[in-house]
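Summary of the model geometry
Each chain is listed here by its residues.
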Amino acid sequence: MSLQGQTALVTGGARGIGRAICLALADLGAEVGFCHYDDPEADATLAAINQRSRGFAMSADVADEQAVEGFFDAACKALGAPDILVNNAGILRESPLAETKAADFDRVIAVNLRGSFLASRAFVRRTDSGRIINIASDLGLLGRENMLAYTASKGAIITMTRTLARELAPGILVNAVAPGSTETDMTSPQNMSPEAIAKDLDTPLARFGQPREIADMVVFLASPQSGFITGQCFGVNGGSVML
Ligand code: NAI
């Protein structure tokens, strides 16, 4: 598998799953631009990409229309027109419905869903061929108590994948990866309740996934080997969802 000569853009690429995706793409020869949200790990990730191929990084809030266009303009200037987009940036807030602030609901939808829309639009304004890969979640299929905005945003990303697969065919193939619980800051005890973590691990494989295990599916969907696949959602989830 080779992505030599390809330019990939990844949202939320500084850490976690996004970082693993950036490095896996660069390992196959792609030049990789990523955005992040004032993330202190961005410099280290950019250096790691540059050791493998060529990279570009910029702080840009994916929920902000102008920031997303600015990221695409700057990344294209640095690396050329994009061939691959990975919509990875995402945030999670956990609270019971009655206590959920409207502003928190709006922010989760804005980063996870609006951000994927804005970046996909920026991508198709700059190319009419290539791949879009959306990072959904197994919780977008299962639902999960106390995570309304997050699960709704991820369910919508799966629907968005199907719509854009139809709309952008045959030039752009659009697929989703729905990870199960993966060992990153998002699933750390600082960000998730012990109850939610225990539920996450109640799967046939009974362990967290590693970011690289998610990235391996993403690079397959970015590669020439997946040329007959569009509109699909692939679970990489230790068996949490079986379709
Ligand atoms: P993380 O919290 O470790 O990393 C998130 C990344 O997104 C960081 O690089 C951060 O700078 C960036 N980011 C956050 N808000 C942003 C914004 N407004 N604009 C631009 N960048 C922003 O998260 P993790 O776990 O790596 O998650 C990555 C994706 O995978 C998310 O979409 C998440 O919903 C999804 N996912 C994660 C799972 C997990 O168990 N960790 C399971 C299923 C899906």
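Relevant structure appears above.
The present account deals with the structure reproduced in this document.

Conventions and cut-offs
Residues numbered from 1 in each chain as written. Predicted model: local features only at pLDDT ≥ 70, side-chain atom pairs only at ≥ 80, totals over all residues. Heavy atoms only, no water. Core = buried A, V, L, I, M, F, W, Y, C linked by side-chain atoms within 4.5 Å. Buried < 20%, exposed > 50% of the residue type's maximum accessible area, 1.4 Å probe, protein only. Helix = DSSP H or I, 4+ residues; strand = E, 2+ residues; numbered from the N terminus. Contact = heavy atoms within 4.5 Å. Near = heavy atom within 4 Å. Polar contact = N/O pair within 3.5 Å; in protein donor to acceptor, adjacent residues only side chain to side chain. Areas by Shrake-Rupley, 256 points an atom, 1.4 Å probe, with all protein chains shown as cover. Nonpolar A, V, L, I, M, F, W, Y, C, P; charged D, E, K, R; others polar. Patch = residues over 30% accessible without salt bridge, like charges linked within 9 Å, V, L, I, M, F, W, Y side chains within 5 Å. Salt bridge = Lys/Arg side-chain N within 4 Å of Asp/Glu carboxyl O. Arc of directions from axis to C-beta.

**Let's talk about the nonpolar core**
Among the nonpolar cores identified, the biggest contains 31 residues, and V10, I21, L25, V32, V86, I133 and V177 are the most heavily contacted of them. Put simply, the parts of the chain that give this core at least two residues each are strand 1 (7–11), helix 1 (16–27), strand 2 (31–36), helix 2 (42–52), strand 4 (84–87), strand 5 (130–135) and helix 8 (211–222). Excluding anything up to four places from it in sequence, V32 contacts A8, V10, C22, L25, A26, I49, R54, G55, F56 and L79. Counting residues in each nonpolar core, the second largest holds 27 residues, with L9, V62, A110 and L118 among its members.

**Quick word on the site of the ligand**
Lining the immediate environment of the ligand, one finds 30 residues, of which I17, N88, Y150, T182 and T184 sit closest. Taking G12, its main chain carries an N or O atom lying 3.2 Å from an oxygen atom of the ligand. The backbone of R15 places a nitrogen or oxygen atom 3.4 Å from an oxygen atom of the ligand. Protein chains shield 93% of the accessible area of the ligand, which is 830 Å² for the free molecule. When contributions to the shell around the ligand are tallied by element, the ones reaching two or more residues are helix 1, helix 4 (102–124) and helix 6 (148–168). Tallied by class, the residues present in the shell around the ligand amount to 13 nonpolar, 11 polar and 6 charged.

**Looking at the environment of T159**
Tracing the sequence through the fold places T159 in helix 6. Note on T159: relative accessible area 45%, which makes it partly exposed. Remark: the alpha-carbon pair of T159 and C233, spanning 74 residues in sequence, is separated by 9.6 Å.

**A look at a nonpolar patch on the surface**
A cluster of nonpolar residues, L141, L142 and L243, forms a patch on the protein surface that exposes about 350 Å² of accessible area. Take L243: its relative accessible area is 89%, and that puts it in the exposed class.

**Section: helix 2**
Three- or four-residue spacings in an α-helix give side chains the same orientation, since the helix completes a turn every 3.6 residues. Buried residues of helix 2: A42, T45, A48 and I49, and no others. Buried positions in helix 2, seen along its axis, are confined to an arc of 125 degrees and lie on one side of it. Exposed and oriented more than 90 degrees from the buried face of helix 2 are D43 and Q51. The elements touched by buried residues of helix 2 are helix 1, strand 2 and strand 3 (55–59).

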